[in-house]
Amino acid sequence: MDRIKRITSVLLTLIIALSCFGICASAAGESYLTFIDAGDFYQVSKCNKYATGEINIPETYNGKPVQIVASSAFKDAEKITKVTIPASVASIGSTVFENCVSLGEVVFEGEECSIGTAAFRYCSTLKNVTLPSKLKVIPLEAFAGCTSLSALTIPSTVTTIGKEAFKKCSSLKTVTIPASVTSIGFNAFLNCAAITSFNVLAGNTAYKDIGDCLYDINGETLIQYPNGKTVTGFTVPSGTKAIEDSAFGANTRLTKIILPDGLETIYEYAFNNCSALNDIVIPDSVTYIGAQAFGGCASLKNITIPSNVESYSGAFYNSGIQNVTIAEGVEIVDEKAFEKCASLTEVIIPSTVTEIRMGAFLTTHHKNESSKSRR
């Protein structure tokens, strides 16, 4: 009898052990996840913030498919290193992996899965991402602050790259834009200091690359210069009519930029914080210079406001400018145009100027001021 009891006890122990092994083997890290029954399917609502290592989201739970990973479900889980998302999952929510600072790899096993706003924001060690092959939208700030991401294959089905989608991806080196992309949001590649070229694939109807720069399809608007290029001089191609918001922003290498005749618009922040820039001439064809277009350009000492400029409010905020010449024909010294230009010592104002607007030289501390006028 005792022998039978001992055998039974051993068998029960083996069964329990094998059951535990089966659970652990089938879904690594599943115990860290919280699931919510949504009727016909389950969604992952939360991951324990103390979770560690790899997490394999199960394809099914309690006999039903797992179809959604809720917004912020993994947010601040600072010790997870890899996440596998099964083909059953149709969407992951906004900020779902935000601040997962140890997350190095994400694998989407399915072809179709939508990605929420800022899904991977500030995943600073993220290096490898296998995106769904039929993905259509890379949303707002999707990979912003992913400073270790050096390469990413954008699926050929993507039509939209959202605003600031890759902002501060400081290790990203090359960007290939598929033919399918018809919309790229403002500052999609802002502060991507390592990009050396943009490559737009043949057949794209909205964008093209010219001289490694990203342009609109007409070749008239320079959208983004690749700030990873090591050259110190650059000539903006002829035919360019507009330089987009932050196109050269935060460039640390360029000392001289030649702008083409026919350029009409320099948008906000276009050359903001180009710390080495000391030589640039604004063509007479320019009519608009946006706020902080040259803001923070510490090395820029001399500038001429051309005769056809109608608006340049706040354009040179906190720059290193020492000498300003306003060309004959300009009618205003615009609002806050030279605000906080502490090194400004000389301003030449023509007789055509009829108005100096509020704050044009606000908080400017002149040294040996010798402002001249041609009036």
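Residues numbered from 1 in each chain as written. Predicted model: local features only at pLDDT ≥ 70, side-chain atom pairs only at ≥ 80, totals over all residues. Heavy atoms only, no water.

A.B. asks: How should the overall build of the protein be read in this particular structure?
C.D. replies: Along the protein, the regular secondary structure elements total one helix and 30 strands. Out of the 375 residues in the protein, the part that is buried amounts to 46%. For the protein, contacts bridging at least 24 residues in sequence account for 31% of all contacts bridging at least 6. (Helix = DSSP H or I, 4+ residues; strand = E, 2+ residues; numbered from the N terminus. Buried < 20%, exposed > 50% of the residue type's maximum accessible area, 1.4 Å probe, protein only. Contact = heavy atoms within 4.5 Å.)

A.B. asks: What should I look at first to understand the pairing of strand 6 (residues 79-85) in this one?
C.D. replies: For a regular strand, side-chain orientation follows a simple rule: the groups alternate between the two sheet faces. Taken together, the five bridges between strand 3 (residues 52-56) and strand 6 define a ladder with parallel strand orientation. Looking at the pairing, glutamate 54 lines up with lysine 82 of strand 6. When strand 6 meets strand 8 (residues 105-108), the two strands line up parallel, connected through four bridges. Residue pairing in the sheet places threonine 84 in a bridge with valine 107 of strand 8. (Pairing = 2+ DSSP bridges.)

A.B. asks: Please clarify how the confidence of the model for the protein should be interpreted in this entry.
C.D. replies: Interpretation of the predicted coordinates at a detailed level should be avoided for regions scoring low in pLDDT. With 90% of its residues at a pLDDT of 70 or more, the protein shows a mean pLDDT of 92. Across residues 364-375, confidence stays below pLDDT 50; counting only partners more than four residues off in sequence or on other chains, it has 32 contacts. (pLDDT = per-residue confidence, 0-100.)

A.B. asks: Help me out: how do you make sense of unusual backbone geometry in this one?
C.D. replies: Excluding glycine, residues mostly carry a negative phi; peptide bonds, for their part, are mostly trans. Positioned with a positive phi, glutamate 141 is a non-glycine residue whose angle comes to about 55°. Position of glutamate 141 relative to the elements: it lies in the loop between strand 11 (137-138) and strand 12 (160-161). In this structure glutamate 141 comes out as buried when scored by relative accessible area, which is 13%. Positive phi, normally seen in glycine, also occurs at tyrosine 269, with a value near 60°.

A.B. asks: Explain the sheet that holds strand 20 (residues 242-243) to me, please; I cannot follow it from the model alone.
C.D. replies: Taken together, the six strands give an open sheet; going across it, the order is 16-17-18-20-22-24, and neighbouring strands pair in mixed fashion. Strands at the two margins of the open sheet, each flanked by one partner only, are strand 16 (207-210) and strand 24 (288-289). The pairing of strand 16 with strand 17 (residues 213-216) spans four bridges and is classified as antiparallel. Residue pairing for strand 17: lysine 208 is matched across the bridge by tyrosine 215.

A.B. asks: I'm lost on the packing of aromatic side chains in this one. Help?
C.D. replies: Taken as a whole and judged by the stated rule, the model has 18 aromatic pairs. Joined through ring pairs, the aromatic side chains of Tyr225, Phe234, Phe248, Phe271, Phe294, Tyr312, Phe316, Phe338 and Phe361 make up one cluster. (Phe/Tyr/Trp six-rings, centres within 6.5 Å; stacked < 30°, edge-to-face > 60°.)

A.B. asks: Help me understand the sheet that holds strand 11 in this model?
C.D. replies: Working definition: the strands of a sheet are paired by backbone hydrogen bonds and lie parallel or antiparallel to each other. In space, the three strands of this open sheet follow the order 11-12-14, with parallel pairing throughout. The sheet is open, and its two edges are formed by strand 11 and strand 14 (183-184), each paired on a single side. Pairing geometry for strand 12 and strand 14, over two bridges, is parallel. The residue bridging isoleucine 161 from the neighbouring strand is isoleucine 184, located in strand 14.

A.B. asks: How should I be thinking about the nonpolar core in this particular structure?
C.D. replies: One recurring pattern in soluble globular proteins: nonpolar side chains tend to sit buried together. By size, the foremost hydrophobic cluster in this structure holds 60 residues, and its most contacted members are Phe74, Ile92, Phe97, Phe120, Phe143, Phe166 and Phe189. Those elements that place two or more of their residues in this core are strand 1 (33-37), strand 2 (42-47), strand 5 (64-69), strand 6, strand 8, strand 13 (174-177) and strand 15 (197-200). Counting residues in each nonpolar core, the second largest holds 45 residues, with Ile243, Ala247, Ile280 and Val333 among its members. (Core = buried A, V, L, I, M, F, W, Y, C linked by side-chain atoms within 4.5 Å.)

A.B. asks: Help me understand the pattern of salt bridges in this model?
C.D. replies: Between side chains of opposite charge, pairing is possible as soon as their charged atoms come close. Scanning the model with the defined rule gives 13 salt bridges in all. Of the charged contacts, one joins lysine 241 and glutamate 220 as a salt bridge, the two residues approaching to 3.8 Å between their closest N and O atoms. You can see lysine 241 sitting in the loop between strand 19 (233-235) and strand 20 and its partner glutamate 220 sitting in the loop between strand 17 and strand 18 (221-224), a full 21 residues away along the chain. Classification of lysine 241 by relative accessible area gives partly exposed; the value is 36%. Overall, glutamate 220 belongs to the partly exposed group, its relative accessible area being 31%. (Salt bridge = Lys/Arg side-chain N within 4 Å of Asp/Glu carboxyl O.)

A.B. asks: Would you mind showing me how to read the side chain of aspartate 334 here?
C.D. replies: Within the secondary structure, aspartate 334 sits in the loop between strand 27 (332-333) and strand 28 (346-349). Since its relative accessible area comes to 3%, aspartate 334 is described here as buried. A polar side-chain atom of aspartate 334 sits 3.3 Å from a polar atom in the side chain of arginine 357. Excluding residues that lie within four positions of it along the chain, aspartate 334 makes contacts with Glu310, Ser311, Tyr312, Ser313, Arg357 and Ala360. (Polar contact = N/O pair within 3.5 Å; in protein donor to acceptor, adjacent residues only side chain to side chain.)

A.B. asks: I would appreciate a short explanation of the pairing of strand 13 in the present structure.
C.D. replies: On strand 13, burial follows the alternation: Val175 and Ile177 on one face are buried, whereas Thr174 and Thr176 on the facing-out side are not. Bridge count for strand 13 against strand 15 is four bridges, and the pairing is parallel. Bridging from a neighbouring strand, threonine 176 pairs with asparagine 199 of strand 15.

A.B. asks: Explanation requested: the side chain of threonine 95 in the structure shown.
C.D. replies: Take threonine 95: it is sitting in the loop between strand 7 (91-92) and strand 8. At 2.7 Å, the side chain of threonine 95 and the side chain of serine 72 are in polar contact. Ignoring sequence-local partners within four residues, the contact set of threonine 95 consists of Ser72, Lys75, Thr117, Ala118, Ala119 and Arg121.

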